[in-house]
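Notes for the structure review
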Amino acid sequence: MNNNWQHNARNTLKGADSCNAFFQSQQFQDQGFPIKIPLEFANLIDKDNPDDPLLKQVASAPIQAQSGFSTEPLEDEKYTPVAGLVHKYPNRVLLITSRVCAIHCQYCFRQNFNYTEHDAISNYLAIEEYICSHSQINEVILSGGDPLSLSDEKLAQLIGKIEKISHIKNLRIHTRSAVVTPSRITTKLIKLLNHSTLNVVLVTHVNHANELSNDFAKAIRALSNVTLLNQSVLLKGVNDCVLTLSKLSMDLFELGILPYYLHLLDKVSGAEHFLVEDEAAIKLHRELGKKLSGYLVPRLVRDENLAAKTWL
Ligand code: SF4
């Protein structure tokens, strides 16, 4: 297993100039969400294809302001009783563990989130007190940013503290780092997750089968005691096609990962060009259901401001 992830994390394309030089193109511009692409991901992109589905997720696009889009579409801050903790659903809480991501996805709904005021690590004592006083909470979700941008040591400390809360049974980790920088799945991390006393669920974020590298396959298979699920975002020009989505589901399943959610786009300003309208999304999802076994069809969902996820 490659244990040099911190070196790889520094090996990242940042800003339009370095990206245009790497891809020998002029399509990157510094506007909106700053560009950040790890080399492990950049090397999977076909440099000769301006429509490459991985490239489209990280390249900037001309601004097309559209009504209904805003800087903070989910208003997460309304559901933060304690800084760094989001409590939308009765049985589970989400911790903002890091502001850092290995990659900047141009459709990200948290690109304008106020991370400075919401750091679960520095505010952990208050968070622990909150969780301990709410015995209906049985699951903690580590999110961010990306929780895997924390070091193995910091993650081990945090998970160790969560394991001590008797009514917490499940630990869920949402990560895009796992697929865009597979070197992040270190031997130490594998050991930590495989041996936790909690039921660990790792939710990867993969949008297209081209993201599934050999390094990722090798690393993910080592997580033998972890439930593996995937969530994707439905993105125009990237994966809004039955063949693309069915290949993704089948390839994920070969790696032991179940397709879990297919999210409709959260309407964040700057991501207008990724929007697939509801009607088209529902039709596509229905077609996917005809093509795949039921367990390979992700649930089509939309996150709402209100305390519920809507299934379509
Ligand atoms: S990795 Fe997740 S949190 Fe980070 S930019 Fe991408 S979608 Fe947003």
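Cut-offs used in this document
- Residues numbered from 1 in each chain as written.
- Predicted model: local features only at pLDDT ≥ 70, side-chain atom pairs only at ≥ 80, totals over all residues.
- Heavy atoms only, no water.
- Buried < 20%, exposed > 50% of the residue type's maximum accessible area, 1.4 Å probe, protein only.
- Helix = DSSP H or I, 4+ residues; strand = E, 2+ residues; numbered from the N terminus.
- Pairing = 2+ DSSP bridges.
- Core = buried A, V, L, I, M, F, W, Y, C linked by side-chain atoms within 4.5 Å.
- Contact = heavy atoms within 4.5 Å.
- Near = heavy atom within 4 Å.
- Nonpolar A, V, L, I, M, F, W, Y, C, P; charged D, E, K, R; others polar.
- Polar contact = N/O pair within 3.5 Å; in protein donor to acceptor, adjacent residues only side chain to side chain.
- Right-handed = clockwise from strand over helix to strand, strands pointing away.
- Salt bridge = Lys/Arg side-chain N within 4 Å of Asp/Glu carboxyl O.
- Phe/Tyr/Trp six-rings, centres within 6.5 Å; stacked < 30°, edge-to-face > 60°.
- Lys NZ or Arg CZ within 6 Å of the ring centre and 35° of its normal.
- UniProt positions renumbered as here; feature names shortened; annotations may be inferred.
- Axes fitted to C-alpha atoms, helices over the stretch in contact; angles between N-to-C directions.
- Parallel < 35°, antiparallel > 145°, perpendicular 65-115°, else oblique.
- Left-handed = near helix turned anticlockwise from the far one by under 90°.

**With respect to the pairing of strand β3 (residues 85-89)**
Residues in a regular strand project their side chains so that they alternate between the two faces of the sheet. When you tally the buried positions in β3, you get 5 out of 5 residues, the bulk of the element. Across 3 bridges, β3 lies against strand β4 (residues 92-96) in antiparallel orientation. Counted as the bridge partner of tyrosine 89 is arginine 92 from β4. Count of turn residues in the β3/β4 antiparallel hairpin: 2 residues.

**Here's the deal with the nonpolar core**
In this structure, Ile37, Leu142, Ile162 and Leu193 are the most contacted members of the largest nonpolar core, which totals 73 residues. In this structure isoleucine 162 touches Leu95, Tyr124, Val140, Leu142, Ile168, Leu171 and Leu198, once residues within four positions along its chain are discounted. Among the nonpolar cores identified, the runner-up in size contains 12 residues, and Leu245, Leu264, Leu296 and Val297 belong to it.

**Focus: the site of the ligand**
The local shell around the ligand consists of Phe33, Cys101, Ile103, Cys105, Cys108, Gly145, Arg176 and His205. Its residues assigned to classes, the shell around the ligand shows 5 nonpolar, 2 polar and 1 charged.

**Side note on the side chain of serine 151**
Here serine 151 shows up in the loop between β5 (139-143) and α6 (152-163). One polar contact links the side chain of serine 151 to the main-chain amide nitrogen of lysine 154, over a distance of 3.1 Å. Apart from the residues lying within four places of it in its own chain, the contact partners of serine 151 are Trp5, Gln6 and Arg184.

**With respect to the pairing of strand β6 (residues 170-175)**
Counting buried positions along β6 yields 5 of 6 residues, so the element is predominantly enclosed. Of the pairings in the sheet, the one linking β5 to β6 comprises 4 bridges and is parallel in character. Counted as the bridge partner of valine 140 is leucine 171 from β6. Where the polypeptide runs from β5 across α6 and back to β6, its parallel neighbour, the crossover connection is right-handed. Judged from the 6 bridges that link them, β6 and strand β7 (residues 199-205) form a sheet pairing that is parallel. Within β7, the position partnered with threonine 175 by the bridge is threonine 204.

**Considering the pattern of salt bridges**
Counted under the stated rule, the structure contains 8 salt bridges. The partner of glutamate 139 in a salt bridge is arginine 172, with the nearest N and O atoms 2.7 Å apart. Here glutamate 139 is found in strand β5, whereas its partner arginine 172 is found in strand β6, with 33 residues between them in sequence. Pair check on accessibility: glutamate 139 and arginine 172 agree, each one buried.

**Thoughts on unusual backbone geometry**
Glycine 145 follows glycine 144 through a cis peptide bond whose omega is 20 degrees. Along the polypeptide, glycine 145 turns up in the loop between β5 and α6. Not every positive phi belongs to a glycine, and glutamine 24 is a case in point at roughly 50 degrees. Along the chain, glutamine 24 turns up in the loop between α2 (15-23) and β2 (36-38).

**A word on the packing of aromatic side chains**
All told, the structure shown has 6 aromatic pairs when counted by the stated rule. On the numbers, 5.3 Å between centres and 55 degrees between planes, the contact of phenylalanine 253 with tyrosine 295 is tilted. With phenylalanine 253 in helix α10 (residues 242-254) and tyrosine 295 in the loop between α11 (278-291) and β10 (299-303), this pair connects stretches of sequence that are 42 residues apart. Looking at tyrosine 295, the relative accessible area reads 48%, which means it is partly exposed. Cation over ring: arginine 92 sits above tyrosine 89, and NZ or CZ is 4.2 Å from the ring centre.

**Brief notes about the environment of leucine 255**
Here leucine 255 is to be found in the loop between α10 and β9 (258-263). Each C-alpha atom of the pair leucine 255 and leucine 228 lies 9.1 Å from the other, and the pair is 27 residues apart in sequence. Beyond its immediate chain neighbours, meaning those up to four positions away, leucine 255 contacts Leu212, Phe216, Ala217, Ile220, Arg221 and Leu228.

**A closer look at the UniProt feature "binding site: [4Fe-4S] cluster" (unreviewed entry) in the chain**
The feature "binding site: [4Fe-4S] cluster" (unreviewed entry), as annotated in UniProt, sits at Cys101, Cys105 and Cys108 in this numbering. Within the element layout of this structure, cysteine 101 appears in the loop between β4 and α5 (124-132). Within the fold, cysteine 105 resides in the loop between β4 and α5. Leave out the neighbours within four places in its chain, and cysteine 105 touches Phe33, Gln57, Gln111 and Arg176.

**Some words on the packing of α10 against α11**
Contact pair α10 / α11: the axes reach a minimum separation of 10 Å and the direction vectors enclose 50 degrees. The pairing of α10 with α11 is recorded here as oblique in orientation. Considering only the axes of α10 and α11, their crossing is right-handed. Counted together, Val242, Leu243, Leu245 and Ser246 of α10 and Leu284, Glu287, Leu288 and Lys291 of α11 form the full contact between these two elements.

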